[in-house]
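Analysis of the macromolecular model
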Amino acid sequence: MPDYPKILVPPPGPKARAVVERDEAWTASCYIKEYPLVVARGQGVMVEDVDGNRYLDFMAGIAVCSTGYGHPEVVAAVKDAADRFLHICGSDFYYEGMAALCERLARIAPGPSRKRVFLTNSGTEATEGAIKLARYATRRTAIIAFRGAFHGRSTGAVSLTSSKARQHAGFGPLLPDVHHIPFAYRYRCQWCGDKPACTRGCLTEALERDLFARHLDPHDVAAVFVEPIQGEGGYVVPPPGWLSDLRAICDRYGILLVADEVQSGVGRTGKMWACDHEGVEPDILLTAKGLGSGMPIGAIIAKESVNTWESGSHGSTFGGNPVCCAAALATLDLVEGGLMANAVAMGERLQAGVRRLADKHRCIGDVRGVGLMVGVEFVKDRATREPAPDIVEQLVQGAFHQGLLLLGAGKSTLRLAPPLVVGSDDIDIALAMIDARLSDIA
Ligand code: PLP
């Protein structure tokens, strides 16, 4: 059995408290800080704090540490690249890592069309660039996004984000000509209700019969931005065929489909991209988070036909940094070399276990997910489906004190997104801890 979780000192211990105090004195007031975890090191799915407490991580630094902490192959690639040169600026000069990563991403992106790749520092920068590229390529201005979406926090990206009102409050005016429609959230759908199959009301009613018929000419729309599985919105998985139907609507009006796979991509769902489960080829695919195993790198992967922007029209000083490119290439080797398969097997074990918990704990209203992207939605009452954010909060805080790192998403959903190296013992330990904690709370 693993030597974690192991709580030696109730967190935050004395060393952690000192860091928290210093941090609170000097860091910007906008940070959230979920709980007082003060990290000293990590290995695999284990995170150790500065007081020697060991935690089992089921949130992977918000779905980032895909290969776990300190994977030897990623660390070796980073050290080797760092030994050679830290920076030269990929927007202006050449190096092998950048060419290799762009080729690799272009080749593994969904669908047969030839692609070209722009490297970024983050998911937000990928969204921001994709907004510009979509407008540039189509010479149209309007953008459609979904309620509950999270695409980042820069002024353009946050205009597409529709996750929490406080992420917009005080920052306006935001980008004009951005329109939000409901997402395919089966558990809370106003059209499908409890009907056995999805009726596509959000696409036919909200998009075509309302938005396109009354407010917005579809021929003015540059792009629809969609998370194939909504992340921050609550790990919401659209019904089968929904993404293909969205693709068909985009094709009908010459609208670009931008798949934001910042959270769902790089093997987390058991395939390289969540779009691959549906056989959908987006015009632009965005990735970041797990791509560099924690090193800051993202990408805009666009069809050659969309990649119309002229030399000098866009760029980035740090985007595609050589050390980050090396981390991403090593990560992709590992993801393709076994971690994607592990995400399938461990995802099945995790979902089966969570469904057993749902049989026992009536506060669990819905269980959904693909691979190691699993959402557990909590409700006050299964009949009314009234959200129960307090249960998620108590669960997350209590688990932290017992050595399990969890995170919420959406209004009242627990997201389970361990590193892709997670093993069956880890899954069983996490499930047992969640079970015990729910018994305490209820
Ligand atoms: N897009 C999605 C789907 C995300 O989940 C996130 C971050 O959570 C972003 C974009 C923004 O990425 P970043 O925080 O790297 O800027």
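Just so we're clear, the structure is a prediction, and the values are computed from it rather than from any experiment.

Here's the deal with the domain arrangement of the chain
- According to the domain assignment, the chain contains domain 1 (14-70 + 338-441) and domain 2 (88-320).
- Spacing between the C-alpha centres of domain 1 and domain 2 amounts to 26 Å.
- Among the secondary structure elements, those contributing two or more residues to the side of domain 1 that touches domain 2 are helix 2 (60-63), helix 10 (322-360), strand 11 (364-370), strand 12 (373-381) and strand 16 (413-416).
- Of the residues belonging to the side of domain 1 that touches domain 2, the class tally is 14 nonpolar, 10 polar and 6 charged.

What to know about the nonpolar core
- If you look at the biggest cluster of nonpolar residues, it comprises 136 residues, and the most contacted ones within it are Leu256, Val258, Ile284, Ile300 and Ala327.
- The element best represented in this core is helix 10, accounting for 17 residues.
- Domain assignment of the residues forming this core places at least three in each of domain 1 (14-70 + 338-441) and domain 2 (88-320).
- Setting aside chain neighbours within four positions, we find Leu256 in contact with Ala134, Ala137, Thr138, Ala222, Ala223, Cys250, Asp283, Ile284 and Val306.

Looking at the sheet that holds strand 1 (residues 39-43)
- Read from one edge of the open sheet, 4 strands run 1-2-3-14, paired in mixed fashion. Since the sheet does not close on itself, it has two edges, and those belong to strand 1 and strand 14 (404-405), each with one partner.
- Sheet topology places strand 1 next to strand 2 (residues 46-49); 4 bridges connect them, and they run antiparallel. Note on strand 2: the bridge partner recorded for Gln43 is Met46.

What about the site of the ligand?
- Within the structure, the ligand sits among 14 residues, and Ser122, Gly123, Thr124, Val262 and Gln263 are positioned closest to it.
- For the shell around the ligand, the element with the highest residue contribution is helix 5 (residues 123-138), accounting for 3 residues.
- Here the residues of the shell around the ligand are counted per class, giving 3 nonpolar, 8 polar and 3 charged.

A few points about the pairing of strand 9 (residues 284-287)
- Where burial is concerned, the two faces of strand 9 agree: the one with Ile284 and Leu286 and the one with Leu285 and Thr287 are both buried.
- Pairing analysis gives 3 bridges linking strand 8 (residues 256-260) to strand 9, with the strands arranged parallel. If you follow Asp260 over to strand 9, its bridge partner there is Leu286.
- Pairing of strand 9 with strand 10 (residues 298-303), which is carried by 4 bridges, proceeds in the antiparallel orientation. Within the sheet, the bridge partner assigned to Ile284 lies in strand 10 and is Ala302.

Some words on unusual backbone geometry
- A cis amide bond, omega -10°, links Tyr4 with the succeeding residue Pro5.
- Looking at the element boundaries, Pro5 is found in the segment before helix 1 (14-26).
- Positive phi, normally seen in glycine, also occurs at Ala63, with a value near 60°.
- Tracing the backbone through its elements, the reader meets Ala63 in helix 2.

Quick look at the environment of Phe58
- Counting through the fold element by element, Phe58 comes out in the loop between strand 3 (54-57) and helix 2.
- Separated by 13 residues in sequence, Phe58 and Val45 place their C-alpha atoms 7.8 Å apart.
- Beyond its immediate chain neighbours, meaning those up to four positions away, Phe58 contacts Leu404, Leu405, Leu406, Leu416, Ala417, Pro418 and Ala430.

Side note on the sheet that holds strand 7 (residues 221-226)
- Here we have 7 strands laid out as an open sheet, ordered 4-10-9-8-7-5-6, and mixed in their pairing. Among the strands making up the open sheet, the edge pair consists of strand 4 (115-120) and strand 6 (178-181). Looking at each pair of strands side by side, their axes are set apart by 20° on average, direction ignored.
- Each of strand 4, strand 5 (142-146), strand 7, strand 8, strand 9 and strand 10 is contacted by helix 5, which is oriented at about 25° to strand 10, the strand it contacts most.

Here's the deal with the pairing of strand 7
- When you tally the buried positions in strand 7, you get 6 out of 6 residues, the bulk of the element.
- Bridge count for strand 5 against strand 7 is 3 bridges, and the pairing is parallel. Each residue of the ladder has a partner; that of Ile143, found in strand 7, is Ala223.
- Sheet topology note: the strand 7/strand 8 ladder contains 4 bridges and is parallel. When the sheet's bridge partners are listed, Val226 is paired in strand 8 with Ala259.

Brief notes about the packing of helix 3 (residues 72-84) against helix 10
- Across the interface, helix 3 lies against helix 10 with an axial gap of 8 Å and an inter-helix angle of 155°. By the angle between their directions, the pair helix 3 and helix 10 is classed as roughly antiparallel. In this structure, helix 3 meets helix 10 at a crossing whose hand is right-handed. Across from Glu73, Val74, Ala77, Val78, Asp80, Ala81 and Ala82 in helix 3, the residues of helix 10 making contact are Pro322, Val323, Ala326, Ala327, Leu329, Ala330, Thr331 and Leu334.

Brief notes about the packing of helix 7 (residues 201-215) against helix 8 (residues 242-253)
- Close contact between helix 7 and helix 8 brings their axes to 11 Å; oriented N to C, the two are set at 25°. With respect to helix 8, the axis of helix 7 lies roughly parallel. Along this stretch, helix 7 crosses helix 8, giving a crossing that reads as right-handed. Contact residues: Leu203, Leu207 and Glu208 in helix 7; Asp245, Leu246 and Ile249 in helix 8.
- Here the contact of helix 7 with helix 8 is composed, by residue class, of 4 nonpolar, no polar and 2 charged.

Here's the deal with helix 11 (residues 389-402)
- With 14 residues, helix 11 should reach 20 Å at 1.5 Å per residue; the first-to-last C-alpha distance of 20 Å fits that figure.
- By the burial criterion, the buried members of helix 11 are Ile391, Val392, Leu395, Val396, Ala399 and Phe400. Buried residues of helix 11 fall within an arc of 160° about the axis and therefore sit on the same side.
- Those residues of helix 11 hidden inside the fold are in contact with strand 12, strand 14, strand 15 (407-409), strand 16 and helix 12 (424-441).
- Just past helix 11, the residue Gly403 takes up positive phi, approximately 105°.

What counts and what doesn't
Residues numbered from 1 in each chain as written. Predicted model: local features only at pLDDT ≥ 70, side-chain atom pairs only at ≥ 80, totals over all residues. Domains from an automatic or database assignment. Helix = DSSP H or I, 4+ residues; strand = E, 2+ residues; numbered from the N terminus. Nonpolar A, V, L, I, M, F, W, Y, C, P; charged D, E, K, R; others polar. Core = buried A, V, L, I, M, F, W, Y, C linked by C-beta atoms within 7 Å. Buried ≥ 20, exposed ≤ 12 C-beta atoms within 10 Å, placed from the backbone. Contact = placed C-beta atoms within 7 Å. Pairing = 2+ DSSP bridges. Near = placed C-beta within 6 Å. Axes fitted to C-alpha atoms, helices over the stretch in contact; angles between N-to-C directions. Parallel < 35°, antiparallel > 145°, perpendicular 65-115°, else oblique. Left-handed = near helix turned anticlockwise from the far one by under 90°. Expected span 1.5 Å × (residues − 1). Arc of directions from axis to C-beta.

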